[in-house]
Amino acid sequence: MSRKKTSFDFITTRRFYERPRVALTIGGSDPTGGAGIQTDLKTFQHFGVHGLSAITAVTVQNTSGVISKNPVSAELVREQLETLANDIEFSVAKIGMLPSVEIVHVVAEFFNRKAIGIPVVLDPIIASSNGVRFMDDDAIQTLKENLLPLVTIITPNLSETEVLTGLRMETEDSIIHASLLLHDMGAKAMLIKGGHASGGESRDLFYDGLSIEWLSAPRISKQVHGTGCLLSSAIASSLAMGMTLRDSVIEAKDFITSMLEHAVPLGSGQEIFQYPYFLIDSLLVD
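Residues numbered from 1 in each chain as written. Predicted model: local features only at pLDDT ≥ 70, side-chain atom pairs only at ≥ 80, totals over all residues. Heavy atoms only, no water.

A. Molecular detail of unusual backbone geometry. The backbone of N70 shows a phi angle near 55°, a positive value even though the residue is not glycine. Mapped onto the elements of the fold, N70 is located in the loop between β5 (65-68) and α2 (74-85). (Helix = DSSP H or I, 4+ residues; strand = E, 2+ residues; numbered from the N terminus.)

See below:
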């Protein structure tokens with residue numbers, strides 16, 4: 001029995017031989033591949049965007065939860081960002097885990113100096129789903145004061161919104177109030193995610209500084225790892241491809257809805273997103 005010759009169709013996109021759009025992700029490494037920079041890079045690739053990454057922490061975790069966060073030094077984050085920016089132009093940036101006040105300062109200084117005018121998506125990862133805290137109070141305050149005014153859109157869930165604003169997210173009116181407060185704090189736009197609420201629909205509030213809009217999607221009763229990372233990196237991908245902010249948010253919500261339907265359990269805890277893949281003809285033949 002022999003193996004058929006494998007082949008790969010390189011004509012997968014009209015842009016294959018052109019310089020791709022480039023996105024930078026700044027965040028923590030997740031060894032499960034279900035969140036953090038691993039999910040960001042896979043999402044960028046899915047949208048046809050080349051991904052760069054600067055690692056802020058090496059986490060120890062599995063599908064059941066985070067054990068430890070292990071930040072790298074702020075100087076190492078600075079060196080990663082400076083080295084990339086000195087060589088490669090990027091179209092958009094996505095910021096995830098910032099596990100120390102020093103790293104928040106480094107990232108804010110970088111965007112204030114090196115990346116003016118580039119769309120930035122901030123996913124404020126404050127704690128893991130099993131309660132491991134990623135940011136202390138000083139880091140959160142520094143993020144609010146120094147980084148929040150520099151980003152294009154922030155994508156907190158309800159509990160993160162409570163930490164950032166000090167308000168309880170108990171009603172739709174309180175979520176609207178929080179969006180206005182975040183805008184007063186310097187956020188240009190926000191998507192406050194309602195995926196952890198109850199009800200038959202997942203309702204997110206999108207506010208671009210001009211109008212408030214509720215965006216609904218069917219609630220899928222799954223516990224899936226890395227939903228916030230996937231959504232924010234999908235928004236960043238669409239922005240990199242030239243879509244408007246609102247269209248990027250809607251595209252990302254459609255994408256995560258379809259991805260949730262195909263998440264699978266790989267371990268004993270939360271399910272993991274599975275991305276579309278190429279079928280390579282490698283069947284065994286006589």
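B. Broad picture of the pairing of strand β6 (residues 92-95). In β6, alternate side chains face the same way, and those of V92 and K94 on one face and A93 and I95 on the other are all buried. Across four bridges, strand β2 (residues 22-29) lies against β6 in parallel orientation. When the bridges of β6 are listed, L24 appears paired with A93. Of the pairings in the sheet, the one linking β6 to strand β7 (residues 120-122) comprises three bridges and is parallel in character. Bridged to A93 within β7 is V120. You can see the chain leave β6, run along helix α3 (residues 101-113) and come back into β7, and the turn it takes is right-handed. (Buried < 20%, exposed > 50% of the residue type's maximum accessible area, 1.4 Å probe, protein only. Pairing = 2+ DSSP bridges. Right-handed = clockwise from strand over helix to strand, strands pointing away.)

C. Spotlight on the pattern of salt bridges. Inspection of every chain in the model, using the stated rule, returns 13 salt bridges. Note that E75 and R78 form a salt bridge whose closest N and O atoms lie 3.3 Å from each other. In this pair, E75 and R78 are both assigned in helix α2, three residues apart and thus about one turn of the helix distant. Owing to a relative accessible area of 41%, E75 belongs among the partly exposed residues under this scheme. (Salt bridge = Lys/Arg side-chain N within 4 Å of Asp/Glu carboxyl O.)

D. Expanded view of the environment of T227. Its place among the elements puts T227 in helix α7 (residues 227-240). Relative accessible area serves as the criterion here: at 26%, T227 is assigned to the partly exposed category. Expressed as a C-alpha distance, the spacing of T227 and A35, which sit 192 residues apart in the sequence, is 7.6 Å. Not counting the four nearest positions on each side in its chain, T227 is found in contact with I256, L260 and F273. (Contact = heavy atoms within 4.5 Å.)

E. Structural view of helix α1 (residues 36-46). Buried within α1 are the following residues: G36, I37, T39, D40, T43 and F44. Taken end-on, α1 shows its buried residues confined to a sector of 160°, consistent with a single buried face. Following α1 by one or two positions, G48 has its phi on the positive side, about 80°. (Arc of directions from axis to C-beta.)

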